[in-house]
Amino acid sequence: MKKYLFLFFAVLIIFYFYLGVNAQEQSPEIPAGFIFYHYQYAYFDISLIYPEQWINYSSQERGIFIYTPDSKGTLTLRATPLFGEEYTLAKLYSVNMDTLKEAGAIFLESVPGKLSGYPAQRTLYTMKFGKDTLKFIRYDSIIEDLFYSFSFSTNEINFEKYLNDIIIIVCSIKINL
């Protein structure tokens, strides 16, 4: 009897150790200078990290809005329901890019990418607003019945200054279904 009890506790300890190791593997490392953010509203449940000195103005009405400390750069992340319509990423991307082109966007790059592990379209473009030229990086993806759009923009001359942080943020995005 003692032998079976000992075996039971040994298996239980191994099981809890295994669960603890897996939980540690699944929780992302947060680099120094970054903070974790979880946003949940209606159909939108997402987590990400961003630089701790950036200013978070996210709200239920607007979605995720985070600004650089000097307020010259803006990060947005939105999800739009497709309401059961059968859209492809190529079709939605084409419509959005046509609209941007009509507004004066100059496309620099458009390549496949990933957003939370799902296929996405990554686009770099510039747009002129008055005397300022803004540079944008954008990731668009369809995940289940939602169209996700991540965008970061800043003055063209400051864009490279923030690019490494943006790549870290994009890689940290976890969309919870």
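Computed from a predicted model, the values in this text were never measured in an experiment.

Q: What's the story with the packing of aromatic side chains in this structure? I'm lost.
A: A ring pair, where both rings are aromatic, is described by two values, the distance of the centres and the angle of the planes. Under the counting rule described, the total for this entry stands at 12 aromatic pairs. An angle of 20° between the planes, with centres 6.0 Å apart, marks the rings of Trp54 and Phe152 as stacked. A residue pair is termed long-range when its members are at least 10 positions apart, and Trp54 in the loop between strand 2 (44-51) and strand 3 (55-56) and Phe152 in strand 9 (residues 146-155) qualify at 98 residues. Each of the two residues, Trp54 as well as Phe152, counts as buried. Through a chain of ring-to-ring contacts, three or more aromatic side chains come together here, namely Tyr37, Tyr39, Phe44, Tyr50 and Tyr148.

Q: Looking at this model, I keep getting lost on a negative patch on the surface. Mind explaining?
A: A contiguous patch of negative charge on the surface is contributed by Glu85, Glu86, Glu144 and Asp145. Tracing the sequence through the fold places Glu86 in the loop between strand 5 (73-81) and helix 2 (89-102).

Q: How should I be thinking about the side chain of Arg138 in this particular structure?
A: Along the chain, Arg138 falls in strand 8 (residues 132-143). When sequence neighbours within four positions are dropped, the list of residues in contact with Arg138 reads Asn96, Met97, Leu100, Gln121, Arg122, Thr123, Tyr125, Ser149, Phe150 and Ser151.

Q: Looking at this model, I keep getting lost on the pattern of salt bridges. Mind explaining?
A: Between side chains of opposite charge, pairing is possible as soon as their charged atoms come close. Going through the model one piece at a time under the given rule, you end up with two salt bridges. For Glu109, the salt bridge is made with Arg122, and the minimal N-O distance between the two is 3.2 Å. A residue pair is termed long-range when its members are at least 10 positions apart, and Glu109 in strand 6 (residues 106-115) and Arg122 in strand 7 (residues 118-129) qualify at 13 residues. Taking relative accessible area as the criterion, Glu109 reaches 30% and is therefore assigned partly exposed. We note a salt bridge from Arg138 to Asp140, for which the minimum N-O separation is 2.9 Å. One exposure class covers both Arg138 and Asp140, and it is buried.

Q: Explain the sheet that holds strand 1 (residues 34-41) here, please?
A: Hydrogen bonding along the main chain pairs the strands of a sheet, whether they run parallel or antiparallel. Here three strands make up an open sheet; going across it, the order is 1-2-10 and the pairing antiparallel. Whereas interior strands pair on both sides, the edge strands pair on one side only; in this sheet they are strand 1 and strand 10 (174-175). Pairing of strand 2 with strand 10 involves two bridges; the strand directions are antiparallel. In the strand pairing of strand 10, Ile46 is matched with Ile175. Strands strand 1, strand 2 and strand 10 of the sheet are contacted by helix 3 (residues 159-172), whose axis makes an angle of about 150° with strand 2.

Q: I'm lost on the nonpolar core in this one. Help?
A: Where a protein is soluble and globular, its nonpolar side chains tend to be buried together. Counting residues in each nonpolar core, the largest one holds 32 residues, and the members touching the most others are Trp54, Ile64, Leu75, Phe150 and Ile166. Residue contributions to this core peak at six residues, all from helix 3. Contact partners of Ile64, with chain neighbours within four places excluded, come to Tyr37, Tyr39, Phe44, Ile46, Leu48, Ser58, Leu75, Thr76 and Leu77. In terms of nonpolar packing, the next biggest core, distinct from the first, is built from seven residues, Tyr93, Met97, Leu100 and Phe136 among them.

Q: Would you take a moment to explain the sheet that holds strand 3 for this structure?
A: On the basis of which strands lie adjacent, the open sheet formed by seven strands has the order 3-4-5-9-8-7-6 and antiparallel pairing. Looking at the sheet topology across the chains shown, the edges are occupied by strand 3 and strand 6. As paired elements, strand 8 and strand 9 share 10 bridges and run antiparallel to each other. By the bridge assignment for strand 9, Ser141 is matched with Tyr148. With respect to the sheet, helix 2 is in contact with strand 6, strand 7, strand 8 and strand 9, its orientation differing from that of strand 8 by roughly 165°. Of the strands in this sheet, strand 5, strand 6, strand 7, strand 8 and strand 9 touch helix 3, which is tilted by about 155° from strand 9.

Q: When you look at unusual backbone geometry in this model, what are you seeing that I'm missing?
A: Negative phi characterises most residues that are not glycine, and trans characterises most peptide bonds. Phi is positive for Ser71, close to 60°, though the residue is something other than glycine. Take Ser71: it is sitting in the loop between strand 4 (64-67) and strand 5. On the basis of relative accessibility, which here comes to 47%, the residue Ser71 falls in the partly exposed class. Of note, Glu144 is a non-glycine position whose phi angle comes to about 55°, a positive value.

Procedures and definitions
- Residues numbered from 1 in each chain as written.
- Predicted model: local features only at pLDDT ≥ 70, side-chain atom pairs only at ≥ 80, totals over all residues.
- Heavy atoms only, no water.
- Phe/Tyr/Trp six-rings, centres within 6.5 Å; stacked < 30°, edge-to-face > 60°.
- Helix = DSSP H or I, 4+ residues; strand = E, 2+ residues; numbered from the N terminus.
- Buried < 20%, exposed > 50% of the residue type's maximum accessible area, 1.4 Å probe, protein only.
- Patch = residues over 30% accessible without salt bridge, like charges linked within 9 Å, V, L, I, M, F, W, Y side chains within 5 Å.
- Areas by Shrake-Rupley, 256 points an atom, 1.4 Å probe, with all protein chains shown as cover.
- Salt bridge = Lys/Arg side-chain N within 4 Å of Asp/Glu carboxyl O.
- Lys, Arg positive; Asp, Glu negative; His and termini not counted.
- Charge placed at Lys NZ, Arg CZ, Asp CG, Glu CD.
- Contact = heavy atoms within 4.5 Å.
- Pairing = 2+ DSSP bridges.
- Axes fitted to C-alpha atoms, helices over the stretch in contact; angles between N-to-C directions.
- Core = buried A, V, L, I, M, F, W, Y, C linked by side-chain atoms within 4.5 Å.

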